[in-house]
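Here are the chains, one letter per residue:
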Amino acid sequence: MDQFLRNRISKTLPEGVELSQFLVLLHLAASGDEIGPARLAASFNVTRGAMSNTLGRLERNGQITVRGDTVDARRKFVSVSEQGQITLEQVITELNPRLREALGKYPRSDLAQCLALLGELRESLDSAR
């Protein structure tokens, strides 16, 4: 399932945006808030260097905004830019009909139960680190 979804999403991404970058955009948009690079790295279970690389590419492509902390100049905060929002909307708009069709075959209660189970599994795996 993971491979299938990754493949589908990759095919809908605009030129110059990789799947890993799109997933960071999606995470930022879902949080609705600015997030620090270290917290993003922890969320994606990657090194800070790997996340810095991803964020650098997103910033160069205009997909995110990075601002410094006014209190501590060493800290930075990342948010989705206007161009990043456009990218998210384009990809989601293209994927939505396919996902609706596939997921429409299952009762909402089954999907909710599945998502809850996956959430619990992720929490369990995170706490085992």
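Just above, that's the structure.
Residues numbered from 1 in each chain as written. Predicted model: local features only at pLDDT ≥ 70, side-chain atom pairs only at ≥ 80, totals over all residues. Heavy atoms only, no water.

## Focus on unusual backbone geometry
What you tend to see is this: most non-glycine residues have negative phi, and most peptide bonds are trans.
Move 1: Of note, Asn45 is a non-glycine position whose phi angle comes to about 55°, a positive value.
Move 2: A residue is classified by how much of its surface remains accessible, and Asn45, at 56% relative accessible area, is exposed. (Buried < 20%, exposed > 50% of the residue type's maximum accessible area, 1.4 Å probe, protein only.)

## Section: the environment of Asp69
Move 1: Residue placement: Asp69 occurs in the loop between strand S1 (64-68) and strand S2 (76-80).
Move 2: A residue is classified by how much of its surface remains accessible, and Asp69, at 15% relative accessible area, is buried.
Move 3: Here Val71 takes part through its backbone nitrogen, which lies 2.9 Å from a polar atom of the side chain of Asp69. (Helix = DSSP H or I, 4+ residues; strand = E, 2+ residues; numbered from the N terminus. Polar contact = N/O pair within 3.5 Å; in protein donor to acceptor, adjacent residues only side chain to side chain.)

## Quick word on the pairing of S2
Move 1: With four of its five residues buried, S2 lies for the most part within the structure.
Move 2: One ladder, built from five bridges, connects S1 with S2; its direction is antiparallel. Paired with Arg67 across the bridge in S2 is Phe77. (Pairing = 2+ DSSP bridges.)

## Concerning the side chain of Ser81
Move 1: Its location among the elements puts Ser81 in the loop between S2 and helix H5 (82-103).
Move 2: By relative accessible area, which is 10% here, Ser81 ends up buried.
Move 3: Non-local contacts of Ser81, meaning those with residues more than four positions away in its chain, are made with Gly62, Gln63, Ile64 and Thr65. (Contact = heavy atoms within 4.5 Å.)

## A closer look at the layout of surface pockets
Move 1: By volume, the largest pocket amounts to about 1300 Å³.
Move 2: Taken together, 26 residues make up the lining of the largest pocket; nearest its centre are Met1, Asp2, Leu5, Leu115 and Leu118.
Move 3: Elements that contribute at least two residues to the lining of the largest pocket include exactly helix H1 (2-12), helix H2 (19-31), helix H3 (37-44), H5 and helix H6 (108-127).
Move 4: It is H6 that contributes the most residues to the lining of the largest pocket, seven residues altogether. (1 Å grid on protein atoms, 1.4 Å probe; cavity = no way out; pocket = protein on both sides within 12 Å on 5 of 7 lines; lining within 4 Å. Points joined across faces, edges and corners; volume = space filled by probe spheres on them.)

## A few points about the nonpolar core
Move 1: In this structure, Ile9, Leu13, Phe22, Leu28, Leu40, Leu55 and Ile64 are the most contacted members of the largest nonpolar core, which totals 20 residues.
Move 2: Those elements giving two or more residues to this core turn out to be H2, H3, helix H4 (48-60), S2 and H5.
Move 3: Considering every element that reaches this core, the biggest residue donor is H2, with five residues. (Core = buried A, V, L, I, M, F, W, Y, C linked by side-chain atoms within 4.5 Å.)

## Overview of the packing of H2 against H5
Move 1: H5 packs onto H2 with a crossing angle of 105° between their chain directions and a minimal axis gap of 10 Å. In this view, H2 runs roughly perpendicular relative to H5, as classed from their interaxial angle. Residues Phe22, Leu25, Leu26 and Ala29 of H2 form the contact with H5, whose own contacting residues are Gly84, Gln85, Thr87, Leu88, Val91 and Ile92. (Axes fitted to C-alpha atoms, helices over the stretch in contact; angles between N-to-C directions. Parallel < 35°, antiparallel > 145°, perpendicular 65-115°, else oblique.)

## Overview of the pattern of salt bridges
Move 1: Applying the stated criterion across every chain yields a total of five salt bridges.
Move 2: The salt bridge partner of Glu34 is Arg67, with a shortest N-O separation of 2.8 Å. Of this pair, Glu34 sits in the loop between H2 and H3 while Arg67 is found in strand S1, placing the two residues 33 residues apart along the sequence.
Move 3: When its relative accessible area of 25% is taken as the criterion, Glu34 is described as partly exposed.
Move 4: Among the salt bridges present, the one from Arg74 reaches Asp72, with a minimum N-O distance of 3.0 Å.
Move 5: Judged by its relative accessible area of 72%, Arg74 falls in the exposed class. (Salt bridge = Lys/Arg side-chain N within 4 Å of Asp/Glu carboxyl O.)

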